[in-house]
Amino acid sequence: MARAKYFLAAAFLVGLAIFGWRYHWIEAANTAERDGFVDKAELILHGQFPRDALRPPLYPLLAAGLAPLLGGPFVAARLISNLAACGLALLAFGFGARLRNERVGLWSMALVLANANVWIFGEEVTTDMLFACFAAGALLAGLAYLRRPSARTALAAGVAYALGAWVRGNAALLLPALFLAYFLAPRARLQRRSSNPFSI
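Residues numbered from 1 in each chain as written. Predicted model: local features only at pLDDT ≥ 70, side-chain atom pairs only at ≥ 80, totals over all residues. Heavy atoms only, no water.

Our next topic: the overall build of the chain. Summing up its helical and strand segments, the chain has nine helices and zero strands in all. Mapped from its N terminus to its C terminus, the chain presents α and β elements in the order α-α-α-α-α-α-α-α-α. The buried share of the chain, reckoned over its 200 residues, is 40%. If you take every contact in the chain between residues at least 6 apart in sequence, the share linking residues at least 24 apart comes to 64%. As displayed, the chain offers around 11,800 Å² of accessible surface, 66% of which is attributable to carbon and sulfur atoms. (Helix = DSSP H or I, 4+ residues; strand = E, 2+ residues; numbered from the N terminus. Buried < 20%, exposed > 50% of the residue type's maximum accessible area, 1.4 Å probe, protein only. Contact = heavy atoms within 4.5 Å. Areas by Shrake-Rupley, 256 points an atom, 1.4 Å probe, with all protein chains shown as cover.)

Now the structure itself:
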């Protein structure tokens, strides 16, 4: 099943890339793409750093960094959304597998892959899909920490949250769930010890 999730993610990425190349080769008017992330990436490529108090800079920075390799900031930004959509699907598998088993993980992943909004936002040059991917990563790491606290899972949650905050300012809404996982984790550890008195 582990191979199946990567096969599905790869097939999904290819499908998104082909669909975008065929039907979405320029920014759409009167859509969420009006925030102008491609313009910001072009400013970065010309040596200027866009200052926007409402929109953190990670998305245009990534688009500008990949633009020379992919033929322009629009294609780069679209590919970032494609990859983020694939990441979100893999994280859905992670939630299902951790909460139940790998079969449930595959069903969770399939539901994400069949969601029309994932296809739409996975093509658009917006921060929606990238933020969703980082947010899901932070929450999955928080769930892993709740089940088995460790420095590695805490670091993973922190890095995912920080990246999400560099994509959208409303990443702060993730903090209550992450703090809750932190405070409940010792209780979960004590429950495991009480159920198995020989555990360390």
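Now for the packing of aromatic side chains. Counted according to the given criterion, the structure contains four aromatic pairs. Their ring planes at 80° and their centres at 5.0 Å tell us that Phe 12 and Trp 119 sit as a pair that is edge-to-face. Of the two residues, Phe 12 sits in helix H1 (residues 2-23) while Trp 119 sits in helix H6 (residues 116-121), which places them 107 residues apart along the sequence. Overall, Trp 119 belongs to the partly exposed group, its relative accessible area being 32%. Taking the ring centre of Phe 37 as reference, the NZ or CZ of Lys 40 above it sits at 5.6 Å. (Phe/Tyr/Trp six-rings, centres within 6.5 Å; stacked < 30°, edge-to-face > 60°. Lys NZ or Arg CZ within 6 Å of the ring centre and 35° of its normal.)

Along the chain, Thr 126 falls in the loop between H6 and helix H7 (128-147). Residue class for Thr 126 comes out buried when judged on its relative accessible area of 2%. A polar side-chain atom of Thr 126 sits 2.7 Å from a polar atom in the side chain of Asp 128. (Polar contact = N/O pair within 3.5 Å; in protein donor to acceptor, adjacent residues only side chain to side chain.)

For the pair helix H3 (residues 58-70) and helix H4 (residues 73-99), the least separation of the axes is 7 Å and the interaxial angle reads 115°. The handedness of the crossing between H3 and H4 comes out as right-handed. On H4, the residues that touch Tyr 59, Leu 62, Ala 63, Leu 66, Ala 67 and Leu 70 of H3 are Pro 73, Val 75, Ala 76, Ala 77, Arg 78, Leu 79, Ile 80 and Ser 81. Grouping the constituent residues of the contact of H3 with H4 by class yields 12 nonpolar, one polar and one charged. (Axes fitted to C-alpha atoms, helices over the stretch in contact; angles between N-to-C directions. Left-handed = near helix turned anticlockwise from the far one by under 90°. Nonpolar A, V, L, I, M, F, W, Y, C, P; charged D, E, K, R; others polar.)

Quick look at the nonpolar core now. Soluble globular proteins tend to pack their nonpolar side chains together in the buried interior. With 46 residues, the main nonpolar core has Phe 12, Tyr 59 and Leu 130 as its most contacted residues. Every element with two or more residues in this core is listed here: H1, helix H2 (37-45), H3, H4, helix H5 (102-113), H7 and helix H8 (151-165). Filtering out sequence-adjacent residues up to four positions away, Leu 130 remains in contact with Tyr 59, Leu 62, Ile 80, Ala 84 and Val 167. (Core = buried A, V, L, I, M, F, W, Y, C linked by side-chain atoms within 4.5 Å.)

Attention now goes to the pattern of salt bridges. Inspection of the entire model under this criterion finds three salt bridges. A salt bridge links Asp 52 to Arg 55; the nearest nitrogen and oxygen atoms lie 3.1 Å apart. Owing to a relative accessible area of 24%, Asp 52 belongs among the partly exposed residues under this scheme. Through salt bridges with shared partners, one network takes in Lys 40, Asp 52 and Arg 55. (Salt bridge = Lys/Arg side-chain N within 4 Å of Asp/Glu carboxyl O.)

From the geometry alone we can't say anything about function, so treat these as descriptive.
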